[in-house]
Amino acid sequence: IMKENKKGNSLPTSYNSRRDFLKNASLGLMAMTMPELPDIFDNTKLGIVVHSYGKRWHATHQSSDYPAFSDASELLAHCHKIGAGGIQVGINGWTEGFCHKIRDQRENLNMYLEGSIGMPKMTSQLPDFEKQIILAKEAGIKVLRTVSLGPRRYEAIHSQEEFLAFQKQSILMLGKAEPILRKHKIKLAIENHKDWRSDELLHLIKGVSSEWVGITLDFGNSIALMEQPKTTTQHLAPYVFSTHVKDMAVKPCSEGFLLSEVPLGEGLLNLKEIVNTCKKYNPSISFNLEMITRNPLLIPCLTPDYWTTLEKVPAFELSQILTWVNTHGRNLPHIDSLETEELLAREEINILTSLTYSIKHLNL
């Protein structure tokens, strides 16, 4: 069921084939992946971000081959089955009893567990933030990933004044959250989530100057803000607590370009260089796959509204990205035509293909 692409990486023979092939291919990849992994705990094994399973997480579909995951325990069990090292998953709504359950499960499976938590937006949210921190610690979590904004900057903020207000409030609330993190000895890792450019995120991190506040380095997000992946890595890696590992492909369009996650090894990123740079600064870091199976995202960098909050970005950086896009542009995967079972199978194949690549080429 496998063939070699131009880079020598294993790929499904018919990426757009129908349900039977997709099911068999995913089973075949699972069989290929699992025997190569060690049985003992190793936090350099590639883990899985919950968003990689966006089609199965809390889903309502009925599928015997690809059942929905109702909670983090079911996700953890499945990720162990396919050979992943751990998971990164949201902790909102967890109870003390569930925390004990998943802590014991994680320990029995020799896996790691990272959490995701919402950043408090106002002072009144700090008590609930601390309650979640306490529960995360009960579950054995040591690193919590968060985002400052949530939506993409160029879609959610429409004036420079609005961005400066968001920036000021983020600095204020991070300063109020830091004593809670320090008290409970939990690390908060802020993601470059298509909201902050690297220099802006570093300003936020350095402003609080705490060993408990650092970065979740997403390998591909900052392309959407006109940053080369190498630049993003060089700036943020010294402060990295966690990662979102992904590979990216691009295609030019009239409004700018399309940006798409693709299985590891099928895109444009120098994954080995990024991984090694992260290890250099944090040898104990966890690597978490975020392979989101979805339609390409539009990056409207040739439209006026995009630049409302990005007016300080040098023109040469836009030129570099557009040259890169035009040089490497290709057809990108779309999911609109896939029926539910096909979509679920495609999601599983993308994850398993990435796990296999990480073993063979990234030493994860």
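Just so we're clear, the structure is a prediction, and the values are computed from it rather than from any experiment.

Along the backbone of the protein chain there are 11 helices and 13 strands. Counting across all 364 residues of the protein chain, residues that qualify as buried make up 57%. If you take every contact in the protein chain between residues at least 6 apart in sequence, the share linking residues at least 24 apart comes to 80%. Accessible area for the protein chain stands at about 15700 Å²; split by element, carbon and sulfur atoms hold 52% of it.

Further remarks concern the packing of aromatic side chains. Scanning the entire structure with this criterion turns up 7 aromatic pairs. Seen from their ring centres, Phe163 and Trp196 are 5.9 Å apart, and the 65 degrees between their planes marks the pair as edge-to-face. Of this pair, Phe163 sits in helix α6 (residues 160–184) while Trp196 sits in the loop between β7 (187–191) and α7 (198–208), and the two are 33 residues apart along the sequence. What makes Phe163 buried here is its relative accessible area of 3%. An aromatic cluster of three or more residues is present, and its members are Tyr154, Tyr306 and Trp307. Across from the ring centre of Phe163, 3.8 Å away, lies the NZ or CZ of Arg153, which sits over that ring.

Moving on: the pattern of salt bridges. Summed over the entire model, instances satisfying the criterion amount to 13 salt bridges. Among the ionic pairs, Lys246 bridges to Glu261, the shortest N-O distance being 3.6 Å. Here Glu261 lies in strand β11 (residues 256–262) and Lys246 lies in the loop between β9 (240–244) and β10 (247–253), a separation of 15 residues in the sequence. The exposure classification of Lys246 matches that of Glu261, with both residues buried. We note a salt bridge from Glu261 to Arg294, for which the minimum N-O separation is 2.7 Å. A residue pair is termed long-range when its members are at least 10 positions apart, and Glu261 in strand β11 and Arg294 in the loop between β12 (288–289) and β13 (297–299) qualify at 33 residues.

One finds Trp94, Leu144, Phe219, Met226, Phe257 and Phe287 to be the most contacted residues of the largest nonpolar core, which totals 90 residues. Among the elements that take part in this core, α6 stands out by supplying 7 residues, more than any other. Beyond its immediate sequence surroundings of up to four residues, Leu144 is in contact with Ile91, Gly115, Ser116, Ile117, Ile133, Ala136, Ile186, Lys187, Leu188 and Ala189.

The next thing to look at is the sheet that holds β10. One open sheet accounts for 3 strands, arranged β10-β11-β13; its pairing is antiparallel. For this open sheet the edge positions go to β10 and β13, each flanked by a neighbour on one side alone. Within the sheet, the average angular offset between the axes of one strand and its neighbour, ignoring direction, is 30 degrees. As paired elements, β11 and β13 share 3 bridges and run antiparallel to each other. By the bridge assignment, Leu258 is partnered in β13 with Leu298. Sheet strands in contact with helix α10 (residues 315–328) are β10 and β11, and its direction is about 95 degrees off that of β10.

This part covers unusual backbone geometry. Positive phi is not limited to glycine here, since Asn110 has a value of about 55 degrees. Along the polypeptide, Asn110 turns up in the loop between α3 (96–109) and β5 (112–116). The phi dihedral of Met226 falls on the positive side, at around 70 degrees, and the residue is not glycine. The buried category is assigned to Met226, whose relative accessible area is 1%.

Across the sheet, 8 strands lie side by side as β9-β8-β7-β6-β5-β4-β3-β12; this open sheet has parallel pairing. A single partner strand is all that each edge strand has here, and the edge strands are β9 and β12. Direction of pairing for strand β3 (residues 47–49) relative to strand β4 (residues 86–90): parallel, over a ladder of 2 bridges. For Val49, the partnering residue across the bridge sits in β4 and is Gln88. Against the sheet, helix α2 (residues 72–81) contacts β3, β4 and β5, and its axis sits at roughly 160 degrees relative to β4.

Mean pLDDT over the protein chain works out to 91, with 88% of the residues at or above the 70 mark. Considering only residues more than four positions removed or in separate chains, one finds that residues 1–16, a stretch of pLDDT under 50, has 42 contacts. The low-confidence segment residues 32–41, where pLDDT is below 50, has 22 contacts with residues more than four positions distant or belonging to other chains.

Another point: the pairing of strand β8 (residues 213–218). Among the 6 residues that make up β8, 6 are buried, leaving the element largely enclosed by the rest of the structure. Direction of pairing for β7 relative to β8: parallel, over a ladder of 4 bridges. Looking at β8, one finds that Leu188 is bridged to Val213. In this region the chain leaves β7, passes through α7 and returns to the parallel neighbour β8; the handedness of that crossover is right-handed. Here 4 bridges tie β8 to β9, and the two strands are oriented parallel to one another. If you follow Ile215 over to β9, its bridge partner there is Val240. A crossover connection joins β8 to the parallel β9 through helix α8 (residues 229–236); in handedness this β-α-β unit is right-handed.

Cut-offs applied
- Residues numbered from 1 in each chain as written.
- Predicted model: local features only at pLDDT ≥ 70, side-chain atom pairs only at ≥ 80, totals over all residues.
- Heavy atoms only, no water.
- Helix = DSSP H or I, 4+ residues; strand = E, 2+ residues; numbered from the N terminus.
- Buried < 20%, exposed > 50% of the residue type's maximum accessible area, 1.4 Å probe, protein only.
- Contact = heavy atoms within 4.5 Å.
- Areas by Shrake-Rupley, 256 points an atom, 1.4 Å probe, with all protein chains shown as cover.
- Phe/Tyr/Trp six-rings, centres within 6.5 Å; stacked < 30°, edge-to-face > 60°.
- Lys NZ or Arg CZ within 6 Å of the ring centre and 35° of its normal.
- Salt bridge = Lys/Arg side-chain N within 4 Å of Asp/Glu carboxyl O.
- Core = buried A, V, L, I, M, F, W, Y, C linked by side-chain atoms within 4.5 Å.
- Pairing = 2+ DSSP bridges.
- Axes fitted to C-alpha atoms, helices over the stretch in contact; angles between N-to-C directions.
- pLDDT = per-residue confidence, 0-100.
- Right-handed = clockwise from strand over helix to strand, strands pointing away.

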